[in-house]
Amino acid sequence: QVQLVESGGGLVQPGGSLRLSCAASGFIFSNYYMSWYRQVPGKEREFVASITWSGGSTYYGDSVKGRFTISRDNAKNTLDLQLNSLKPEDTAVYYCNVQIVRVHYWGQGTQVTVSS
């Protein structure tokens with residue numbers, strides 16, 4: 001079965017950096033776009049970034065463009081998100097996502113808290 005396991009979240013000061021990772025299994029990783037989303041309690045899940053099968057193209061939400069970088073390693077079945085210049089409004093649970101035949105799969109999420 002499809003499994004997505006996120007890691008790397010934590011508490012960081014404004015202006016700091018974090019690197020999130022997602023370990024994928026149960027599907028042919030290199031065949032699918034992969035994405036990151038985030039969610040704050042009481043709000044809708046927000047698109048953060050996505051990457052094509054080969055990693056040749058990436059897409060970002062307006063609020064993170066220029067600060068976050070998505071990447072993937074198809075040999076290791078991993079998806080990463082580098083978060084730089086973090087702001088308090090980046091505080092959220094970050095989720096790894098894949099859509100397979102119209103079904104969205106999600107990991108359990110990893111908490112990122114940006115606070116001084």
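Residues numbered from 1 in each chain as written. Predicted model: local features only at pLDDT ≥ 70, side-chain atom pairs only at ≥ 80, totals over all residues. Heavy atoms only, no water.

1. Some points on the nonpolar core
Link 1 in the chain: Ranked by size, the top nonpolar core spans 28 residues in total, and within it Met34, Trp36, Leu79, Leu81 and Tyr94 carry the most contacts.
Link 2 in the chain: Of all the secondary-structure elements, those providing two or more residues to this core are strand S3 (18-25), strand S4 (34-39), strand S5 (46-51), strand S7 (68-73), strand S8 (78-83), strand S9 (92-100) and strand S11 (110-114).
Link 3 in the chain: Top element by residues in this core is S9. It accounts for five residues.
Link 4 in the chain: Aside from chain neighbours lying at most four places away, what touches Leu81 is Leu18, Arg19, Leu20, Trp36, Val48, Ala49, Phe68, Thr69, Ile70 and Tyr94. (Core = buried A, V, L, I, M, F, W, Y, C linked by side-chain atoms within 4.5 Å. Buried < 20%, exposed > 50% of the residue type's maximum accessible area, 1.4 Å probe, protein only. Helix = DSSP H or I, 4+ residues; strand = E, 2+ residues; numbered from the N terminus. Contact = heavy atoms within 4.5 Å.)

2. Focus on the pattern of salt bridges
Link 1 in the chain: In the structure shown here, the tally under the stated rule is five salt bridges.
Link 2 in the chain: Two residues, Asp90 and Arg38, come together in a salt bridge whose shortest N-O distance is 2.9 Å. Placement of Asp90 in the loop between S8 and S9 and of Arg38 in strand S4 is noted, with a sequence separation of 52 residues between them.
Link 3 in the chain: Of the residues examined, Asp90 reaches a relative accessible area of 0% and is grouped as buried.
Link 4 in the chain: Arg38 gets classed as buried once you look at its relative accessible area, which sits at 6%.
Link 5 in the chain: The salt bridge involving Asp90 is made with Arg67; its shortest N-O contact spans 2.7 Å. A residue pair is termed long-range when its members are at least 10 positions apart, and Asp90 in the loop between S8 and S9 and Arg67 in the loop between strand S6 (58-60) and S7 qualify at 23 residues. (Salt bridge = Lys/Arg side-chain N within 4 Å of Asp/Glu carboxyl O.)

3. Observations regarding a nonpolar patch on the surface
Link 1 in the chain: Taken together, the side chains of Tyr33, Trp53 and Tyr59 define a hydrophobic patch exposed on the protein surface, amounting to about 320 Å² of accessible area.
Link 2 in the chain: Considering the arrangement of structural elements, one finds Trp53 in the loop between S5 and S6.
Link 3 in the chain: On the basis of relative accessible area, Trp53 is assigned to the partly exposed category, the value being 43%. (Patch = residues over 30% accessible without salt bridge, like charges linked within 9 Å, V, L, I, M, F, W, Y side chains within 5 Å. Areas by Shrake-Rupley, 256 points an atom, 1.4 Å probe, with all protein chains shown as cover.)

4. What to know about the sheet that holds S3
Link 1 in the chain: Spatial ordering of the open sheet is given by S1-S3-S8-S7, a layout of four strands whose pairing is antiparallel. The open sheet is flanked by strand S1 (3-7) and S7, the only strands paired with a single partner. Each strand axis lies, on average, 15 degrees off the axis of its neighbour in the sheet, ignoring direction.
Link 2 in the chain: Direction of pairing for S1 relative to S3: antiparallel, over a ladder of five bridges. Paired with Gln3 across the strands is Ser25, a residue of S3. (Pairing = 2+ DSSP bridges. Axes fitted to C-alpha atoms, helices over the stretch in contact; angles between N-to-C directions.)

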